[in-house]
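# Close look at the chain arrangement
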There are 2 protein chains.
Amino acid sequence: MERQRRIPEATVARLPVYLRTLLDVQADGVTTISSERLAELAGVNAAKVRKDLSYLGSFGTRGVGYDVDHLLVQMSRELGLTRDWPVAIVGVGNLGAALANYGGFGDRGFPVAALIDADPTKVGTIFGGHTIRHLDDLPALVDELGIAIGIIATPAVGAQEVADRLVAAGVKSILNFAPAVVTVPEQATLRKVDLALELQVLSFYGQRDSIGLALREELGVAAAAKNSGA
Amino acid sequence: MERQRRIPEATVARLPVYLRTLLDVQADGVTTISSERLAELAGVNAAKVRKDLSYLGSFGTRGVGYDVDHLLVQMSRELGLTRDWPVAIVGVGNLGAALANYGGFGDRGFPVAALIDADPTKVGTIFGGHTIRHLDDLPALVDELGIAIGIIATPAVGAQEVADRLVAAGVKSILNFAPAVVTVPEQATLRKVDLALELQVLSFYGQRDSIGLALREELGVAAAAKNSGA
DNA sequence: CCGACCTTGTTCTCTTGTTCACAAAGTGCC
DNA sequence: GGCACTTTGTGAACAAGAGAACAAGGTCGG
């Protein structure tokens, strides 16, 4: 009974949200949950939840709902969370240091295995229990420590080179925090976290609001008259 | 000549990328740029660039390209970057502290105006030039400092309450770093930065790779045979 | 002043993602 | 065991976004 193993990208991005939600309710002793309830807690539409979960393979029971434990097992397996994914943080500046200290990593299968920098004055120093290694050591580190994910926390200017080196060393999953456009070959996966972008998007929608409600109602001229006339 | 002022969400999210790219080329002395070149630098499709820019109002010149300076002005205006958007960081723990120290904020119109925490032992202490204020002072701070954007950097458990309080105090733009589902009323805008989610998505695609190329070609059984037989 | 060339702006088509609506399937009361 | 009730899984309609293709419009050399 081979399932259609094609999980849409949008669904993949929601699975972690369901996972987190399920862990929460599991901690509260809940053993069964309906798509309706899960949707409410995850902040999405119930139909979407059902369709998303159906990609994992019909684990619900009609008339009852989903077994929380079972769903968690299946979801963890699908997301690849049954193993550890050692992470290397490249760039131990402000951001990199914060990430290294941030507990949230090791918690659930993403141990920080290496800190890497290109600055000779930083290399060799110890930070958060790790000796900072040089970028040139990357291939060796990947072999030794099984680095599976690279986090780019360098300034924008070095980001693409770091990405290239990570890929060359065999790291196929990259998370980019640098405010720069980075591209990777198709065989690799790149995700980005872009603070400036998020703030600017907020700025855009915030401005829309502060211009005044009238303008949003596309009464351009009327709104201007009202404002200057008041 | 009133333009259709309806900019798609996906476009809004790309404008900051174009903006950054344009600033880069402007610094190199480039005065004119084609959609082709801009697309290459921004890592997107040229047709998409043209369509996105057309929402701003046809500022290109056929046969030539776009005037970099002019485009930057229009884009900044559209994104609301002609004014400052004072930011309040709520939650001065590991992450909040890192964000407060991170220079990238004040740079371009998003000055950190206040640090806020609910922990009485932190309130009153000075961090990075700011006296940490109590969450209860939020309404006053919004009035005094014109806080326009709230950044949630608390543990998951407090996130929703902080969001509610921000909205109640009149802050309509929120950026959530807490690993929790947070919802806001329609009048407000919420964006999220979710580290765990990004890592888990990488894990998903990483696992797909390590299972073996053959499996990806949906030859389920054949792939298993090949692997065990080799 | 004309024609070859270039690049934008936009239309059309295709793909992806969302939502509705309902049949299928299971539960539990009586 | 049957019936009313609940909830899933999915087909189909709908919306949003991506990309190809091309006409319109403008430049520049001669």
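Relevant structure appears above.
Residues numbered from 1 in each chain as written. Chains lettered and ligands numbered in written order. Predicted model: local features only at pLDDT ≥ 70, side-chain atom pairs only at ≥ 80, totals over all residues. Heavy atoms only, no water.

### Some details on helix α8 (residues 156–168) of chain A
Residue and element names in this part refer to chain A.
- Where α8 is concerned, the buried positions are Ala159, Val162, Ala163, Leu166 and Val167. All buried residues of α8 project into a common sector of 130° when viewed along the axis, lining one side. Counted as exposed and oriented over 90 degrees from the buried face of α8: Val157 and Ala168.
- Just past α8, the residue Gly170 takes up positive phi, approximately 100°. (Buried < 20%, exposed > 50% of the residue type's maximum accessible area, 1.4 Å probe, protein only. Helix = DSSP H or I, 4+ residues; strand = E, 2+ residues; numbered from the N terminus. Arc of directions from axis to C-beta.)

### Things to note about the protein's contact with DNA strand D
- Around DNA strand D, the structure places 27 residues, and the nearest of them are A:Ser35, A:Gly63, A:Tyr66, B:Lys51 and B:Arg62.
- The sugar-phosphate backbone supplies 69% of the atoms of DNA strand D found within 4 Å of the protein.
- Taking A:Gly60, its main chain carries an N or O atom lying 3.1 Å from a phosphate oxygen of DNA strand D.
- One nitrogen or oxygen atom from the side chain of A:Arg62 is found 3.0 Å from a sugar or linking oxygen belonging to DNA strand D.
- If you list the elements that add at least two residues to the surface near DNA strand D, you get α3 (46–54), β2 (60–61) and β3 (65–67) of chain A together with α1 (9–27) and α3 (46–54) of chain B.
- Considering every element that reaches the surface near DNA strand D, the biggest residue donor is α3(B), with four residues. (Near = heavy atom within 4 Å. Polar contact = N/O pair within 3.5 Å; in protein donor to acceptor, adjacent residues only side chain to side chain.)

### What to know about the interface of chain B and chain A
- At the interface, 58 residues of chain B touch 58 residues of chain A.
- Both faces combined, the contact of chain B with chain A buries some 5,400 Å², and carbon together with sulfur accounts for 65% of it.
- Together, B:Arg20, B:Gln200 and B:Leu202 form the three largest contributors to the area buried by chain B at its contact with chain A, with a combined 13%.
- Connecting chain B to chain A are six salt bridges.
- Taken together, the connections running from chain B to chain A amount to 20 residue pairs in polar contact (both at pLDDT 80 or more). (Contact = heavy atoms within 4.5 Å. Buried area = accessible area lost by both parts, 1.4 Å probe. Salt bridge = Lys/Arg side-chain N within 4 Å of Asp/Glu carboxyl O.)

### Focus: the protein's contact with DNA strand C
- As a structural note, the neighbourhood of DNA strand C is formed by 26 residues, with A:Lys51, A:Arg62, B:Ser35, B:Gly63 and B:Tyr66 the closest of them.
- Backbone atoms, meaning sugar plus phosphate, form 67% of the atoms of DNA strand C positioned within 4 Å of the protein.
- Taking A:Asn45, its side chain carries an N or O atom lying 3.4 Å from a phosphate oxygen of DNA strand C.
- Broken down by secondary-structure element, the contributors of at least two residues to the surface near DNA strand C are α1 (9–27) and α3 of chain A together with α3, β2 (60–61) and β3 (65–67) of chain B.
- With four residues, the top contributor of residues to the surface near DNA strand C is α3(A).

### A short note on the relation of the copies chain B and chain A
- In screw terms, the move from chain B to chain A is a rotation of 180° and a rise of 0.0 Å along the axis, fitting with an RMSD of 0.0 Å. What the superposition gives is, in effect, a two-fold axis relating one chain to the other. Looking at the rotation axis and the C-alpha trace of chain B, the residue lying nearest is B:Ala98, at 2.9 Å.
- Of the interface residues in chain B, 100% have counterparts in chain A that sit at the interface too, so the contact is made through matching surfaces. (Least-squares fit on C-alpha atoms with pLDDT ≥ 70 in both.)

### Observations concerning the packing of aromatic side chains
All names here are of chain A.
- Tallied over the full model, the rule gives two aromatic pairs over all chains.
- Summarising the aromatic geometry, the rings of Phe204 and Tyr205 are spaced 5.0 Å apart at their centres and angled 85° between planes, so their arrangement reads as edge-to-face.
- Note on Phe204: relative accessible area 2%, which makes it buried.
- The exposure class assigned to Tyr205 is partly exposed, which follows from its relative accessible area of 22%.
- In this structure, Arg83 packs its charged tip against the face of Trp85, placed 3.6 Å from the ring centre. (Phe/Tyr/Trp six-rings, centres within 6.5 Å; stacked < 30°, edge-to-face > 60°. Lys NZ or Arg CZ within 6 Å of the ring centre and 35° of its normal.)

### Looking at the sheet that holds β2(B)
Residues and elements named next belong to chain B.
- An order of β1-β3-β2 is seen for the three strands of this open sheet, with the pairing classed as antiparallel. Either end of the sheet is taken by a strand with one partner, and the two such strands are β1 (32–33) and β2.
- Two strands pair when backbone bridges link them, and β2 and β3 are joined in this way by two bridges, in the antiparallel orientation. Of the residues in β3, the one forming a bridge with Thr61 is Gly65.
- Sitting on the sheet, helix α4 (residues 68–79) touches β1 and β3, and the angle it makes with β3 is about 70°. (Pairing = 2+ DSSP bridges. Axes fitted to C-alpha atoms, helices over the stretch in contact; angles between N-to-C directions.)

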